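Observations on the model geometry
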Amino acid sequence: MRKIQFLPAVIALAVFFSPVAVPQLFDLPSLPEPWLYGNVLITRQAAESSQMPVSFSHWSHRARYTCRVCHFELGFVMKANETEITEKANQNGEYCGACHNDEISFGHGKENCTRCHNDGWDGSRQRFKMLDHLPKAPFGNQIDWVQALDLGLINPVQSILEDDYEPMEFKRELDIDANWSLISPALFPHDKHMAWLDCGDCHPGIFNVKKKTTRNFEMRYILEGKFCGVCHLNVAFPLDDCKACHPGMTQ
Ligand code: HEC
Ligand code: HEC
Ligand code: HEC
Ligand code: HEC
Ligand code: HEC
Ligand code: HEC
């Protein structure tokens with residue numbers, strides 16, 4: 001029994017003194033190339049449909065719109081293939097059709113079907129070059145989206161429903177203590193998230209609104225796609241970037 005109780009402390013010590021070993025503590029999913037990170041292939045109806053699966057790139061859309069526009073105003077679910085998108089709804093101006101309407105962007109005419117229904121990422125690598133001027137980050141899209149926004153290099157639309165929408169100011173920064181001693185706490189800055197998201201994207205669905213009441217809030221669950229892992233596995237910077245969340249870690 002004693003041995004088991006000591007184990008976390010021993011690992012924590014090893015982590016503390018040996019920065020190189022830190023990322024290897026967890027089995028992180030392998031990362032795709034930067035221009036493929038955050039891409040979603042929508043295949044929900046592929047089997048019954050005459051059309052090919054639909055390709056959607058987060059990087060090209062998030063440079064133009066905040067997450068809130070799609071995941072709060074337009075009702076896209078933050079999980080691939082969970083949203084009941086139909087072609088009829090699109091043509092009625094919902095989902096993709098809120099913008100792909102021949103006004104904001106290409107519409108749903110016959111000439112455009114394969115711009116979405118194309119089952120892949122042809123030309124994606126080439127188009128990704130349009131973001132070359134943005135500041136670099138080590139993982140994911142390898143773009144520092146926070147800095148890109150702060151420096152005004154991108155100016156994503158915050159709302160397509162309200163002209164005068166301003167994100168609610170909420171600057172509270174939380175230190176989320178790790179369950180292991182010697183692991184530096186994770187930092188949660190509300191303001192960096194409010195630049196992209198709505199309170200309703202996280203509360204109460206992912207996190208309780210009272211600090212330290214969200215249960216089982218551990219790395220292994222985050223790695224399963226819960227809590228911070230809802231976004232920090234596949235769209236926002238990935239978990240490989242330990243020190244972005246644990247500023248006290250050396251890498
Ligand atoms: C232009 C619309 C749009 C924007 C902007 C957008 N998303 Fe998405 N997002 C989608 C769509 C569409 C899907 C796929 C939903 C489906 O298949 O049901 C998706 C899926 C996701 C998923 C699940 C991915 C997966 O592989 O399961 C996450 C996480 C996510 N979005 C987070 C974000 C975050 C964070 C932002 C802002 C940085 C963002 N999204 C911006 C439209 C958008
Ligand atoms: C802006 C992107 C976009 C364009 C353009 C587009 N679609 Fe779609 N379409 C989608 C998405 C997203 C889905 C949902 C796919 C899924 O759930 O698997 C879909 C679903 C469908 C389906 C599945 C069944 C149904 O009725 O919903 C058919 C059929 C379809 N589209 C036909 C077309 C045709 C034909 C065109 C051209 C006239 C077209 N689409 C243009 C994005 C697009
Ligand atoms: C909030 C507005 C908005 C929504 C919602 C939206 N798009 Fe787009 N999309 C754009 C704009 C703007 C462009 C770029 C302008 C252009 O090239 O015409 C674009 C470009 C694209 C492109 C061209 C390649 C690229 O990535 O730049 C594809 C494919 C695409 N969208 C698919 C989709 C699909 C599929 C959906 C729904 C699942 C969707 N979009 C939802 C605004 C939107
Ligand atoms: C990206 C996700 C996310 C968004 C968006 C978000 N929050 Fe939070 N919030 C959190 C997390 C994580 C916690 C800590 C939960 C815990 O420890 O159980 C938290 C905690 C809180 C707390 C408790 C703080 C404390 O010190 O006890 C309040 C109040 C709160 N949020 C309000 C808001 C409001 C208001 C908004 C919109 C302006 C918002 N949150 C947007 C993730 C988010
Ligand atoms: C709903 C989606 C979502 C959730 C959940 C979420 N984040 Fe984020 N987070 C983002 C987005 C989007 C950004 C902007 C940067 C990016 O996309 O890479 C961001 C940025 C950050 C930053 C700022 C980094 C910087 O460069 O300043 C930190 C720190 C962070 N997140 C930590 C967390 C932690 C810790 C949790 C869990 C308690 C969490 N996030 C949950 C979406 C999310
Ligand atoms: C998106 C933010 C985020 C990133 C990136 C991240 N962590 Fe964490 N981590 C957290 C949060 C939040 C907690 C606090 C959970 C708790 O214990 O209550 C945590 C807790 C921990 C713990 C305590 C034990 C546990 O399982 O909860 C360890 C060890 C840890 N992280 C290591 C790492 C390492 C190593 C990396 C890089 C490979 C990393 N973290 C990257 C958010 C993050």
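We now turn to the structure provided with this report. From a predicted model like this one, the values you see are computed outputs, not experimental measurements.

The next subject is the side chain of histidine 71. Checked against the element boundaries, histidine 71 lands in helix H3 (residues 67–73). Separated by 2.9 Å, the side chain of histidine 71 and the backbone oxygen of phenylalanine 76 make a polar contact. Contact partners of histidine 71, with chain neighbours within four places excluded, come to His58, Phe76, Val77, Met78 and Asp201.

A few words on the site of ligand 2. Surveying the vicinity of ligand 2 reveals 22 residues, the closest of which are Gln45, Glu87, Cys113, Cys116 and His117. Contacts to ligand 2 include glutamine 45, whose backbone N or O atom sits 2.7 Å from an oxygen atom. At a separation of 2.7 Å, a nitrogen atom of ligand 2 approaches a polar side-chain atom of glutamate 87. For the shell around ligand 2, the elements supplying multiple residues, two or more each, are helix H4 (87–91) and helix H5 (113–116). Of the residues assigned to the shell around ligand 2, the class counts are seven nonpolar, 12 polar and three charged.

It is worth spelling out empty space enclosed by the protein at this point. If you walk through the whole model with that rule in mind, you get one cavity of 30 Å³ or more. Counted as a void, the largest cavity has a volume near 40 Å³. Along the walls of the largest cavity sit Leu28, Pro29, Leu31, His232, Leu233, Pro238, Leu239 and Asp240, which together make up its complete lining. In terms of residue class, the lining of the largest cavity is built from six nonpolar, one polar and one charged.

Around ligand 6, the structure places 24 residues, and the nearest of them are Phe217, Met219, Cys242, Cys245 and His246. Here aspartate 177 contributes a backbone N or O atom positioned 3.4 Å from an oxygen atom of ligand 6. Between ligand 6 and histidine 246, the relevant distance is 2.8 Å, taken from a nitrogen atom to a side-chain nitrogen or oxygen of the residue. More than half of the atoms of ligand 6 fall within 2 Å of the grid points belonging to the second largest pocket.

Procedures and definitions
Residues numbered from 1 in each chain as written. Chains lettered and ligands numbered in written order. Predicted model: local features only at pLDDT ≥ 70, side-chain atom pairs only at ≥ 80, totals over all residues. Heavy atoms only, no water. Helix = DSSP H or I, 4+ residues; strand = E, 2+ residues; numbered from the N terminus. Polar contact = N/O pair within 3.5 Å; in protein donor to acceptor, adjacent residues only side chain to side chain. Contact = heavy atoms within 4.5 Å. Near = heavy atom within 4 Å. Nonpolar A, V, L, I, M, F, W, Y, C, P; charged D, E, K, R; others polar. 1 Å grid on protein atoms, 1.4 Å probe; cavity = no way out; pocket = protein on both sides within 12 Å on 5 of 7 lines; lining within 4 Å. Points joined across faces, edges and corners; volume = space filled by probe spheres on them. Sits in = over half its atoms within 2 Å of the grid points.

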